[in-house]
Amino acid sequence: MYIDKKIYYFCNVNLQIKIISKSEELPDMKCANFFHSVEMFQIVEQTPRHKPYMALAIREDGTIAAHMFACTRTRGSWIPPYLFTQGRIYGEGEYDEDVNKDEVFALLLEAITKKFKRKLCLYVEFSDISTKMFGYRHFRNNGYFPINWQEVHNSLHSMPPEDRLDDKTKEQIKKAKDMGVITREAESEEEVHNFYKVLKNFYRMKIRRFLPPEKMYSSLNQSDNARIFITLYKNKIIGGCACIYSGANAYLWYIATRRKTYSFVYPETITMWNAIQSSYEHHYRHIYFLDVGLPYRSNQFRKFILSFGGKPVTKYRWFRFSFPWINNFCSWFFNS
């Protein structure tokens, strides 16, 4: 293994693993998955307090056999005072058909984990793995521990989404429309800014309340692979959501509403419904909800999402803390 100040190299047969942290150093590569794309790398690179990394598996002829995008994000607050860095990865990356995905993933995971160690990440979170057991042995070998996590997937190809709604949700959607509530795409930077203020207030008291800076939402709103939806009542933004589109699927990333003040017009219901309906109209096969909250049994937000006819799917979300005693305790606690 060779290490210099900027790049890690690992060799295994005919593959070399290289980690790049600057967009101008990225080679030409095929990107079908937006979460592991050059565009996502560039968006994160322009976002304050974020640092992108692309782990590449390179053949002897210089072509890319696989790649995985990861990033670090610095979190801080005055009340209570704290500052730490977190590592974040969505999905296991992209792989050419002629490579052994399991073996190459092990190399990419080892490389990115060592990079996070050097960057003194307090913890790493790895989510949205394609199947529950994928990479299990490799995660364990690199010190990660799993937490059972329930995701919600809505199918959009087998029947119209309105046929999956329960009666209560249908009635709320009708009432909201009758009262003049509308949801549409954000059309200006000012609208994105006002949506972000709603988002920030919504997540202020949440346990998992980290939000990317506003700059990321502005960049996503300018991308062909993302949309910011805003919900308006009497020309005032009372909610909205951010959706990502990758391949044949849509992903709802963040949703927020002013539901305490405007609960009588069901802003959360109409926002969610329009995101689902838009994905259906654009012929996406599924819509995935990237974070339905912590895996508590009485998770009201998860119940709310399921009212739109989605399917609960149990997966693992993998974590790794830098302090061994914390990591060992969490591994014991969540797997005992």
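Computed from a predicted model, the values in this text were never measured in an experiment.

Conventions we followed
- By convention here, each chain's residues receive numbers from 1 onward along its written sequence.
- Where local features are concerned, this predicted model is filtered to residues with pLDDT of at least 70; where side-chain atom pairs are given and counted, the filter is 80 or more; whole-chain, interface and lining totals use all residues.
- To get the side-chain values, take all heavy atoms of the structure and skip hydrogens and water.
- A run of H or I in DSSP becomes a helix once it reaches four residues, and a run of E becomes a strand once it reaches two; helices and strands are each numbered from the N terminus.
- A radius of gyration in this sense is built from C-alpha atoms; the matching globule rule multiplies 2.2 Å by the number of residues raised to 0.38.
- Only protein chains enter the accessibility calculation, which uses a 1.4 Å probe; a residue whose area is less than 20% of its type maximum is buried, one above 50% is exposed, and one in between is partly exposed.
- Any pair of residues with heavy atoms lying within 4.5 Å of one another is described as a contacting pair.
- Only the protein chains shown count as cover for residues, and the accessible areas themselves come from Shrake-Rupley with a 1.4 Å probe.
- For this count, His and the chain ends are skipped, Lys and Arg are scored as positive, and Asp and Glu as negative.
- Working definition for charges: the position is that of NZ of Lys, CZ of Arg, CG of Asp or CD of Glu.
- Values of pLDDT, which run from 0 to 100, indicate the predictor's confidence residue by residue.
- For Phe, Tyr and Trp, rings pair up if their centres lie within 6.5 Å, where Trp contributes its six-membered ring, and each pair is then called stacked (planes under 30 degrees apart), edge-to-face (over 60) or tilted (otherwise).
- To estimate the expected span of a helix, count its residues, drop one, and scale the result by 1.5 Å.
- Arc, as used here, means the arc of the directions from the helix axis to the C-beta atoms.

**Quick look at the overall build of the chain**
Here comes step 1: Within the chain, the secondary structure is distributed over 9 helices and 15 strands.
Here comes step 2: Against the globule reference of 20 Å for 336 residues, the chain gives a C-alpha radius of gyration of 21 Å, in line with a compact fold.
Here comes step 3: For the chain, the spread of C-alpha atoms along the three principal axes comes to 65 × 40 × 35 Å.
Here comes step 4: Expressed as a percentage of its 336 residues, the buried residues of the chain come to 54%.
Here comes step 5: Here the contacts in the chain between residues at least 6 apart in sequence split such that 69% fall between residues at least 24 apart.
Here comes step 6: When the accessible surface of the chain is split by element, carbon and sulfur atoms take 51% of a total near 16800 Å².
Here comes step 7: With 48 positive and 35 negative side-chain charges, the chain shows a spacing of 10 Å between the two charge centroids.

**Comments concerning the confidence of the model for the chain**
Here comes step 1: Averaged over all residues, the pLDDT of the chain is 90; the fraction at 70 or higher stands at 91%.
Here comes step 2: Scored below 50 in pLDDT, residues 1-8 shows 17 contacts in the model against residues more than four places distant or in partner chains.

**Some details on the packing of aromatic side chains**
How two aromatic rings sit relative to each other is given by the distance of their centres and the angle of their planes.
Here comes step 1: Tallying each qualifying case throughout the model produces 37 aromatic pairs.
Here comes step 2: Their ring planes at 65° and their centres at 6.0 Å tell us that phenylalanine 41 and phenylalanine 69 sit as a pair that is edge-to-face. Pair noted here: phenylalanine 41 is in helix α1 (residues 38-45) and phenylalanine 69 is in strand β5 (residues 64-77), with a separation of 28 residues, a long-range link.
Here comes step 3: Overall, the relative accessible area of 5% leaves phenylalanine 69 in the buried class.

**Remarks on helix α9 (residues 324-335)**
Here comes step 1: Here α9 spans 16 Å end to end across 12 residues, near enough to the 16 Å set by a 1.5 Å rise per residue.
Here comes step 2: Taken together, the buried positions of α9 are Asn327, Cys330 and Ser331. Down the axis of α9, the buried set is contained in an arc of 100°. They therefore lie on one face. What points out from α9, more than 90 degrees from its buried face, is the exposed set Trp325, Asn328 and Trp332.
Here comes step 3: The inward-facing, buried residues of α9 abut α3 (136-141), β9 (145-155) and β15 (311-321).

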